[in-house]
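# Close look at the chain arrangement
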Amino acid sequence: MTRIRKTLIFVLCAICILCVSMFAFVACGSKKPASLSVNTKEIKTTYVKDETLDLTGLKVTAKYDGKDDKLLEEKEYTVAPAHGTVLTEDTTVTVSYKKDDSIKTSFKVKVTNNVVSLEIEKGPDKTDYWSNEEAFDKTGMVIKATLQNGEIETVDLANVTIDKQGVIVNSNNKANEDEEQSVVLSYGGKTAEQKVNVLANPIVEAKENTEKSNPRRYYASGESFNPAGVVLALKYKSGRTVDLNLTNMTEGVEYDHSALIGDAGSEFTRTITFKGGLAPIDVVVKCYIALVFISKPRADSYIR
């Protein structure tokens, strides 16, 4: 073998070895990561609406199979949305490996705009309420909420709750005194108070409702009056009327227990005193001595 030929073979072998080495080096150096991870505990992930995304301190780590993890440089990955993006709602931030965007990870940032204070700009149209008769009415109110980002919004009244459910009751009702009360309105975890006047609403009149009343009116001489079946028409200060049946009803009611003694056909009056008003109210009920007495009398068994 000539010297030239030996030299040529040596050179070719060297070139082959070099190529194989370069290929191996490139192949090892260009191996893609299996996954990415980010340090979400060390970056800002909670924002107020209209704040900008702050990725300061973000660290992206590439994880390889059978190889040590590697902290990537900023030029090796992309982030969407980008640093400085204005946030208006909860957002998912995606971090992708630049050389292969199918390799990615993501994390969520929470965007809040909570109510920090509540203010009644205009009170309700109605501020006077009859006790135990009317419920609080929000109509006409203008309520403003100040949010975390400084915005001030007008609150939809349908979303405002109140602490007084049902009719408003005046604790001074029996004393016939009006009372100022506070209605607590709530929205977004904050509250505001509205003053209202709760008007005492006692019963001012009581009389027998003759159209509905059906008491026993005929008695044998010597029996005592029984108010069962008497229906009283009660009138409140507000003008509202309510019927009260005295059957099995004794609290706040007194009546004349004296015996009805007289001849057949005799007419008597007996007084029922109702104590639920401003002052005791007397209701006079007529009754009679029956012409015929049945051994086991019923209300409809008596004949005048």
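Computed from a prediction, not measured in an experiment: that's the story for all the values here.

## Digging into the sheet that holds strand S3 (residues 60–64)
Within a sheet, neighbouring strands are paired by backbone hydrogen bonds and run either parallel or antiparallel to one another. Spatially, the three strands line up as an open sheet ordered S1-S3-S4, and their pairing is antiparallel. Unpaired on one side and paired on the other, strand S1 (35–38) and strand S4 (67–71) mark the two borders of the sheet. The mean inter-strand angle of the sheet, taken between neighbouring strand axes irrespective of direction, is 25 degrees. Where S1 and S3 come together, four bridges link them in antiparallel fashion. Bridging from a neighbouring strand, valine 38 pairs with valine 60 of S3.

## Quick notes on the packing of aromatic side chains
Counted according to the given criterion, the structure contains four aromatic pairs. Their ring planes at 40 degrees and their centres at 6.0 Å tell us that tyrosine 129 and phenylalanine 136 sit as a pair that is tilted. Each member of the pair, tyrosine 129 together with phenylalanine 136, is buried. Among the aromatic residues, those joined into a ring-pair cluster are Tyr219, Phe225 and Tyr255. Cation over ring: lysine 44 sits above tyrosine 47, and NZ or CZ is 4.8 Å from the ring centre. In this structure, lysine 67 is placed above the aromatic ring of tyrosine 64, and the distance from its NZ or CZ to the ring centre is 4.9 Å.

## Observations regarding the sheet that holds strand S15 (residues 203–208)
The strand order across the open sheet built from three strands is S15-S18-S19, with neighbouring strands paired in antiparallel fashion. A single partner strand is all that each edge strand has here, and the edge strands are S15 and strand S19 (241–245). Strand-to-strand twist across the sheet, computed as the mean angle between neighbouring axes with direction ignored, equals 25 degrees. In this structure, strand S18 (residues 231–236) lies alongside S19, joined through five bridges in antiparallel fashion. Across the sheet, residue lysine 235 finds its bridge partner in S19, namely threonine 241.

## Regarding the environment of threonine 61
Relative to the helices and strands, threonine 61 resides in strand S3. Measuring from C-alpha to C-alpha, the distance between threonine 61 and proline 33 comes to 9.4 Å, with 28 residues separating the pair along the chain. Sequence-distant contacts of threonine 61, defined by excluding residues within four places in its chain, comprise Ser35, Leu36, Ser37, Asp69, Lys70 and Leu71.

## Observations regarding the side chain of asparagine 209
Inspection of the secondary structure puts asparagine 209 in the loop between S15 and strand S16 (218–219). The exposure class assigned to asparagine 209 is buried, which follows from its relative accessible area of 16%. Contacts of asparagine 209, omitting those with residues within four sequence positions, involve Val231, Leu232, Ala233 and Asp243.

Procedures and definitions
Residues numbered from 1 in each chain as written. Predicted model: local features only at pLDDT ≥ 70, side-chain atom pairs only at ≥ 80, totals over all residues. Heavy atoms only, no water. Pairing = 2+ DSSP bridges. Helix = DSSP H or I, 4+ residues; strand = E, 2+ residues; numbered from the N terminus. Axes fitted to C-alpha atoms, helices over the stretch in contact; angles between N-to-C directions. Phe/Tyr/Trp six-rings, centres within 6.5 Å; stacked < 30°, edge-to-face > 60°. Buried < 20%, exposed > 50% of the residue type's maximum accessible area, 1.4 Å probe, protein only. Lys NZ or Arg CZ within 6 Å of the ring centre and 35° of its normal. Contact = heavy atoms within 4.5 Å.

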